[in-house]
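# Architecture and fold: a report
Okay, here's what each chain looks like letter by letter:
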Amino acid sequence: MTDASTSTWTEADRLKALRATGILDTDREPAFDDIVELAASLCETPVAVVNLIDAERQWFKAEVGLGVRETPLETSFCRHALLEADRLVVPDAREDARFACNPLVTAEGGFRFYAGVLLKSDDGAPLGTLCVLDVVPRPEGLTPVQLRALEVMANQVMTLLDLRRGLARERAGNARFDALADSMPQMVWSTRPDGFHDYFNARWHEFTGTTPGSTDGAAWSDLFHPEDRERAWDVWRESLATGEPYEIEYRLRRHDGLYRWTLGRATAIRDDEGEIVRWFGTCTDIDDLKQIERGKELVSQELSHRIKNIFAVVSALVALSARQHPEAKAFSQSLRTRINALARAHEFVRPHTEVSAPSVGAMTLHAFLEAMFRPYTGVQGTPRVLLSGDDAVFDDQAATSVALLFHEMATNAAKYGALSEPDGWVTLETRKADDRFILVWREHGGPPVTGAPTRAGFGTTLSTLSVEGQLGGRLERLWLAEGLVVKADLPATALSRRRAALKTA
Amino acid sequence: MSARILIIEDEALVAMELKFALLDLGYQVVGLAADAPTALDLVRESEVDLALVDIHLSDGPTGIELGRELGQERGITVLFMTANPGMVRDGVAGAVGVLPKPTDDYAIQSAVEYALQRRKGEPTLYAPPELQVFN
């Protein structure tokens, strides 16, 4: 409590605090009327007042025995009380220099006795008094019990004023929230901790064409698409049980009966103990976004289809052209298998949508190699090229080279190497070693190797070109007696150069 | 009597090459259809044992429904051949499986043999590696 003598408030602060109560010029209220009645009867005075000192007047929130709501400040007793510590008692005003000339005292039947207790704001600024007055002097003043009662009642007046202010603030807060919520393009809702919906903003009713109150409780659920209701309930129930944020996409029925894709989100508000006190949620119409997404997916799918189709057409064209030239049959076949290997590789790297994603495995190097070596599966369905080691992702730039390299390795092995024998097999080990990626192809159980072939075929040239030209690596061939070993040593970034470039950028 | 095969494919070059490949293998090619209505007309006019069905035809992605109808309602053995096998990843009732395109003559031969063996109810040891068989 600030003592008036060492007050830290100025008149401006005081008036600001008084205005902030919002009490001035309000109607009479029973709570205040009761207090002045009780004060008058306890102090045995004809007059009791809840008096608030404004800039140029004193205004009475409640009074008995006066019959007016305000008087000018010049004649105020209470104005003097504001300068006192906590209370002012004037036993006989005619004998007090401060009041002896006051018209209220000198008048016929004027006041003689005054006792007032300050009404102080939290900051200690005096806003007015609770006071009692009498037309007869009272030399003994108030009894200690009367004075104490007056103090208690003054505190009650302040409590009432604070509550009023709190309520006013909350009302303003609600109005602000309503204004904000109603001006948002989103639908906003709120529920009790148990999930009972008791608030929807104007946009919700505008969008759904419902009337306020008609979707409270659990009735909102009827506006969801029948196929989405159960899923939405599951997610919502899960959030209610765990307190985790709620997020889901569903179709919401618009006023015109159309279902629109909507993003629903909600978060719980908790009290100091961590208990959920409310849920606040929004619904956002994302139907247009979904349409664009769908459109993009269609274009991407269409493009993917066409790319794959072009490989098929080119492959058919090569075969058809060769039909006129029987001597070109072998040539056309080897060209077609190379084209097919490229097509297969692109299946694994082109941008995929959910629908166009490859039907087998993940889009990694191992998955691709597995698919590529599938034609070399043994009679019992067991693979004959065994993959091991570190897997990796690869992009479309690397796909062509990787596909051509291993296509050549496999077709060569099938013609001359391990895969030309029913019991032969190949191991392919892929290994990441620091900034290198190493692939070792090792043939087993093939016909004995007598040394490097005297003439390198186009396939060999193609392999070397792929590794050393395109991928920037080294290709090493070891013609061991037990079988060919080929080692491709690549920079680790070679398989996905764009990704590596993005990282360094 | 050799099996009667219908080719349903909207890329003329691909259809033509497939036809030659099948003829080389000794099969009869009943006809070429680039869209679903033509395919249905052809199966009404002639007996068909096996249909090789592309998914994207000149009247849109009608191959899936067409394959289902041919397999389930017309008693024709159906093998999809498409550049986009992901479209029938979950299988199509009444169809044997899908062969990804582009493919080679050997894969076509083994897939067609496999499908015809299944049609005749002959035991099949294992499916050709490139053919994705529906359950």
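About the cut-offs
- Residues numbered from 1 in each chain as written.
- Chains lettered and ligands numbered in written order.
- Predicted model: local features only at pLDDT ≥ 70, side-chain atom pairs only at ≥ 80, totals over all residues.
- Heavy atoms only, no water.
- UniProt positions renumbered as here; feature names shortened; annotations may be inferred.
- Helix = DSSP H or I, 4+ residues; strand = E, 2+ residues; numbered from the N terminus.
- Buried < 20%, exposed > 50% of the residue type's maximum accessible area, 1.4 Å probe, protein only.
- Contact = heavy atoms within 4.5 Å.
- Areas by Shrake-Rupley, 256 points an atom, 1.4 Å probe, with all protein chains shown as cover.
- Phe/Tyr/Trp six-rings, centres within 6.5 Å; stacked < 30°, edge-to-face > 60°.
- Lys NZ or Arg CZ within 6 Å of the ring centre and 35° of its normal.
- Salt bridge = Lys/Arg side-chain N within 4 Å of Asp/Glu carboxyl O.
- Patch = residues over 30% accessible without salt bridge, like charges linked within 9 Å, V, L, I, M, F, W, Y side chains within 5 Å.
- Pairing = 2+ DSSP bridges.
- Axes fitted to C-alpha atoms, helices over the stretch in contact; angles between N-to-C directions.
- pLDDT = per-residue confidence, 0-100.
- 1 Å grid on protein atoms, 1.4 Å probe; cavity = no way out; pocket = protein on both sides within 12 Å on 5 of 7 lines; lining within 4 Å.
- Points joined across faces, edges and corners; volume = space filled by probe spheres on them.
- Nonpolar A, V, L, I, M, F, W, Y, C, P; charged D, E, K, R; others polar.

- In the nomenclature of an unreviewed UniProt entry, chain B is known as CheY-like chemotaxis protein of Brevundimonas bullata.

- Per an unreviewed UniProt entry, chain A is named histidine kinase, and its organism is Brevundimonas bullata.
- Turning to chain A, the UniProt record has this under Catalytic activity (unreviewed entry): "ATP + protein L-histidine = ADP + protein N-phospho-L-histidine."

## Regarding the overall build of chain A
- A count of helices and strands for chain A gives 13 helices and 16 strands.
- Evaluated residue by residue, chain A yields a buried proportion of 45% over its 505 residues.
- Restricting the contact set of chain A to residue pairs at least 6 apart, pairs at least 24 apart contribute 58%.
- In the structure as shown, chain A presents an accessible area of about 26200 Å², 56% of it carried by carbon and sulfur atoms.

## Details of the overall build of chain B
- Within chain B, the secondary structure is distributed over four helices and six strands.
- In chain B, the succession of α and β elements from N to C terminus is β-α-β-α-β-α-β-β-α-β.
- Here chain B holds 135 residues, and the buried ones make up 53% of them.
- Within chain B, contacts between residues at least 6 apart in sequence are counted, and of these 61% link residues at least 24 apart.

## Considerations on the packing of aromatic side chains
All names here are of chain A.
- For the coordinates displayed, the defined rule picks out 14 aromatic pairs over all chains.
- Measuring from centroid to centroid gives 6.2 Å for F406 and W441, while their planes differ by 40°, and the two rings are tilted. Of this pair, F406 sits in helix 11 (residues 396–415) while W441 sits in strand 14 (residues 436–444); the two residues are 35 residues apart in sequence, bridging distant segments of the chain. Across the pair, exposure class does not vary: F406 and W441 are buried alike.
- Connected via pairs of aromatic rings, a cluster forms that spans W189, W236, Y246 and W279.
- Above the ring of F196, the side-chain terminus of R192 is found at 4.1 Å from the ring centroid.
- Between K290 and the ring centre of W261, over which it is positioned, the NZ or CZ distance is 4.8 Å.

## Here's the deal with the pattern of salt bridges
All names here are of chain A.
- Throughout the structure, instances matching the rule amount to 44 salt bridges over all chains.
- Note that E206 and R203 form a salt bridge whose closest N and O atoms lie 3.1 Å from each other. Note that E206 and R203 are positioned in helix 6 (residues 202–208) at a spacing of three residues, about one turn of the helix.
- For E206, a relative accessible area of 53% translates into the label exposed.
- Exposure remark for R203: the relative accessible area of 23% places this residue in the partly exposed category.
- One network of salt bridges, with partners in common, ties together R19, D25, D54, R57 and E70.

## Quick word on a nonpolar patch on the surface
- Taken together, the side chains of V379 of chain A together with L125 and Y126 of chain B make up a nonpolar region of the molecular surface, amounting to roughly 360 Å² of accessible area.
- Positionally, L125 of chain B belongs in the loop between helix 4 (105–120) and strand 6 (132–133).
- On the basis of relative accessibility, which here comes to 87%, the residue L125 of chain B falls in the exposed class.

## Focus on the environment of H225 of chain A
Residue and element names in this part refer to chain A.
- Among the structural elements, H225 can be located in the loop between helix 6 and helix 7 (226–242).
- Put simply, H225 and R260 are 35 residues apart on the chain and 9.1 Å apart in space, counted from C-alpha to C-alpha.
- Those residues within four positions of H225 in sequence are excluded, and the remaining contacts are R251 and Y259.

## Re the sheet that holds strand 13 (residues 425–433) of chain A
All names here are of chain A.
- One open sheet holds the five strands; their spatial order is 12-13-14-16-15, and the pairing between them is mixed. The outermost strands of the open sheet, each flanked by one partner alone, are strand 12 (385–389) and strand 15 (474–480). Taken pair by pair, the neighbouring strands of this sheet meet at an average axis angle of 15°, ignoring direction.
- Inspection of the sheet shows strand 12 paired to strand 13 by five bridges, in the parallel sense. Paired with L387 across the strands is L428, a residue of strand 13.
- Running over the sheet, helix 10 (residues 365–373) touches strand 12, strand 13 and strand 14 and is turned about 175° from strand 12.
- Packed on one face of the sheet, helix 12 (residues 458–470) meets strand 15 and strand 16 (483–491) and runs near 140° to strand 15.

## Some words on the confidence of the model for chain B
- Overall, the prediction assigns chain B a mean pLDDT of 91, with 100% of residues at 70 or greater.
- Overall fold confidence for the complex sits at a pTM of 0.56, while the interface term, ipTM, reaches 0.88.

## Let's talk about unusual backbone geometry
- In this structure, the amide linkage connecting K101 of chain B to the following residue, P102 of chain B, adopts the cis form with an omega of -5°.
- Here P102 of chain B is to be found in the loop between strand 5 (95–100) and helix 4.
- At D25 of chain A, a position not held by glycine, the phi torsion is positive, near 65°.
- By the element assignment, D25 of chain A lies in the loop between helix 1 (11–21) and helix 2 (30–43).
- Unlike most non-glycine residues, D434 of chain A shows phi in positive territory, near 50°.

## Examining empty space enclosed by the protein
- On inspection of all chains with the given rule, the structure shows five cavities of 30 Å³ or more.
- Put simply, the second largest cavity is a space of about 130 Å³.
- Lining the second largest cavity are 14 residues, with R336 of chain A together with V14, E17, T103 and I108 of chain B sitting closest to its centre.
- When residues of the lining of the second largest cavity are traced back to their parent elements, those giving at least two are helix 8 (287–323) of chain A together with helix 1 (12–24) and helix 4 of chain B.
- Take the lining of the second largest cavity: its biggest share by element is four residues, from helix 1 of chain B.
- Taken together, the residues of the lining of the second largest cavity sort by class into eight nonpolar, two polar and four charged.

## Side note on the sheet that holds strand 1 (residues 47–53) of chain A
All names here are of chain A.
- Reading across the sheet, the six strands line up as 3-2-1-6-5-4 and stay open at both edges, with antiparallel pairing between neighbours. Looking at strand neighbours, the two that pair on one side only are strand 3 (70–72) and strand 4 (87–90), the edges of this open sheet. Strand-to-strand twist across the sheet, computed as the mean angle between neighbouring axes with direction ignored, equals 25°.
- Sheet analysis places strand 2 (residues 57–64) next to strand 3, joined by three bridges and oriented antiparallel. Residue pairing across strands places Q58 opposite T71, the latter belonging to strand 3.
- Against the sheet, helix 5 (residues 144–183) engages strand 1, strand 2, strand 4, strand 5 (113–120) and strand 6 (126–134), with an angle of about 40° to strand 5.

## Some points on the UniProt feature "modified residue: 4-aspartylphosphate" (unreviewed entry) in chain B
Residue and element names in this part refer to chain B.
- In this structure's numbering, the residues bearing the UniProt feature "modified residue: 4-aspartylphosphate" (unreviewed entry) are D54.
- Within the secondary structure, D54 sits in the loop between strand 3 (50–53) and helix 3 (63–73).
- When residues no more than four places from it in sequence are discounted, the contact partners of D54 are I8, E9, D10, G63, M81, T82 and K101.

## As for the confidence of the model for chain A
- Per-residue pLDDT for chain A has a mean of 87; in total, 94% of the residues score no lower than 70.
- Here residues 1–5 of chain A scores under 50 on pLDDT; set against residues more than four positions off or in separate chains, the count is 11 contacts.

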